[in-house]
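# Residue-level structure breakdown
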Amino acid sequence: TAKNRSNQWSSPPYRNAIHILLIVLYTALIFLHMLPYVTPIHCKSDKSPSCCRYNFAIDKFDQSVNMNYCSGRVRIAFAGSWSTGKTSIINALLGHSYSTAQIAPVPSTDKFICLSLGAHYSDPIQSDDYERRKHCDLMSHVNDVTQKMCGNNQPNVLDVADENTEFQDFVFFDMPGWQAEYENDCTYSSFYQQLIEKMDFVYVVWDVNHGKIDDKFASLFKEKA
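Predicted model, so just to flag it, every value in this text is computed and none were measured.

A few words now on the overall build of the protein. The secondary structure content of the protein amounts to seven helices and six strands. Each helix and strand of the protein, placed in order from N terminus to C terminus, yields the pattern α-α-β-α-β-β-α-α-β-β-α-β-α. Each of the 225 residues in the protein was classed as buried or not, and the buried ones make up 35%. Long-range pairs, those at least 24 residues apart, make up 68% of the contacts in the protein with a sequence separation of at least 6.

All right, on to the state of the cysteines then. Summed over all chains, the structure comprises two disulfides. Residue cysteine 114 pairs covalently with cysteine 136 via a disulfide, S to S 2.0 Å. When the S-S torsion is -80°, as for the bridge of cysteine 114 with cysteine 136, the disulfide is left-handed. Within this pair, whereas cysteine 114 is found in strand β2 (residues 112-117), its partner cysteine 136 is found in the loop between α4 (130-133) and α5 (137-150), the two being separated by 22 residues in sequence. A residue is classified by how much of its surface remains accessible, and cysteine 136, at 1% relative accessible area, is buried.

Below, the discussion takes up the pairing of strand β5 (residues 170-174). Burial runs high along β5: four of the five residues are buried. Both strand β1 (residues 74-80) and β5 contribute to a ladder of five bridges, which runs parallel. Along β5, the bridge assignment pairs isoleucine 76 with phenylalanine 172.

The next point concerns the nonpolar core. If you look at the biggest cluster of nonpolar residues, it comprises 26 residues, and the most contacted ones within it are Phe112, Phe173, Met175, Tyr192, Leu195 and Phe217. Of all the secondary-structure elements, those providing two or more residues to this core are β1, β2, α5, β5 and α6 (186-197). Considering each element in turn, this core owes the most residues, five residues, to α6. Formed by eleven residues, the second largest nonpolar core is a distinct cluster that contains Phe78, Ile90, Leu94 and Val160.

Across the six residues of β2, six count as buried, placing the element largely inside the fold. For β2 and strand β4 (residues 157-162), the ladder comprises six bridges, and the chain directions are parallel. Looking at β4, one finds that isoleucine 113 is bridged to leucine 158. One ladder, built from four bridges, connects β2 with β5; its direction is antiparallel. Residue cysteine 114 lies in a different strand from β5, and its bridge partner there is phenylalanine 173.

Spatial ordering of the open sheet is given by β3-β4-β2-β5-β1-β6, a layout of six strands whose pairing is mixed. Each edge of the sheet is formed by a strand with only one pairing partner; in this case those strands are β3 (123-124) and β6 (201-205). Sitting on the sheet, α5 touches β1, β2, β4 and β5, and the angle it makes with β4 is about 170°. Here α6 sits on the sheet and contacts β1, β2, β4, β5 and β6; the angle it forms with β2, its principal contact strand, is near 30°.

Our next topic: the confidence of the model for the protein. Across the protein, pLDDT averages 79, with 76% of residues at or above 70. Per-element confidence in the protein is highest for β5, whose mean pLDDT is 92, and lowest for helix α2 (residues 49-58), whose mean pLDDT is 67.

Bringing the packing of α5 against α6 into the picture now. Two elements in contact, α5 and α6, have axes whose closest approach is 9 Å; the angle formed by their N-to-C orientations is 135°. Considering their axes alone, α5 and α6 lie oblique with respect to each other. Note on packing geometry: the crossing formed by α5 with α6 is right-handed. Mapping the contact onto sequence places Leu138, Met139, Val142, Asn143, Val145, Thr146, Met149 and Cys150 in α5 and Cys186, Thr187, Ser190, Phe191, Gln194 and Leu195 in α6. Taken together, the residues that form the contact of α5 with α6 break down as nine nonpolar, five polar and no charged.

The next point concerns the environment of lysine 134. With respect to the helices, strands and loops of the structure, lysine 134 is situated in the loop between α4 and α5. In this structure the C-alpha to C-alpha distance between lysine 134 and serine 116, which are 18 residues apart in sequence, comes to 9.1 Å.

Of note, alanine 161 is situated in strand β4. For the pair alanine 161 and glycine 118, spaced 43 residues apart in sequence, the C-alpha to C-alpha distance is 7.8 Å. In this view, alanine 161 contacts Ser116, Ala119, Tyr121, Ser122, Asp123, Pro124, Ile125 and Arg132; residues no more than four positions away in its chain are not counted.

Cut-off values and rules
- Residues numbered from 1 in each chain as written.
- Predicted model: local features only at pLDDT ≥ 70, side-chain atom pairs only at ≥ 80, totals over all residues.
- Heavy atoms only, no water.
- Helix = DSSP H or I, 4+ residues; strand = E, 2+ residues; numbered from the N terminus.
- Buried < 20%, exposed > 50% of the residue type's maximum accessible area, 1.4 Å probe, protein only.
- Contact = heavy atoms within 4.5 Å.
- Disulfide = S-S within 2.5 Å.
- Pairing = 2+ DSSP bridges.
- Core = buried A, V, L, I, M, F, W, Y, C linked by side-chain atoms within 4.5 Å.
- Axes fitted to C-alpha atoms, helices over the stretch in contact; angles between N-to-C directions.
- pLDDT = per-residue confidence, 0-100.
- Parallel < 35°, antiparallel > 145°, perpendicular 65-115°, else oblique.
- Left-handed = near helix turned anticlockwise from the far one by under 90°.
- Nonpolar A, V, L, I, M, F, W, Y, C, P; charged D, E, K, R; others polar.

Below you can see the structure in the form of structure tokens.
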């Protein structure tokens, strides 16, 4: 800048434009800080507005960020070695076998199964049953992360509804039996690990006849203790 004829410093060029830009930037920063505390309209009628608000905010971030998605229900996974009774335990809790349950002395649960309870039917979740489906959205989130990490998603996933109302505030996850040969399978091991990390509780069942607990499997629980 330079002095004018009155020997005073002239206003710098674009001063007003710079002020306007700074105001816009500061306003945007304030808005970003307030966003997590704003409850979207669709969350006001949700059973758990805080969880709905959390999911609304986290959807704006890169899904590769390791976050524990809040579903509003307690998530419990049943994991361990193959053919150790994980599915049988779930069936005993429900009081009946869920619709796609498979029990055999050889590996039988070959899918990652999400059980949404308290439905009016017992079957794979219907495509238009958004109330049930939202409780299993976590599987989609985990598959998005797996796709980014491995270049492929996990195809063996299934969402199932069940009429049990005693545990309607829970979501059960029936995991395939862990097998050592899958350790180096990026899609399988990454999906398994991501799902375990996002559980509230994990019930581990291991058969000593299968040897000691696999080191890779045990490492999945280091952050759960």
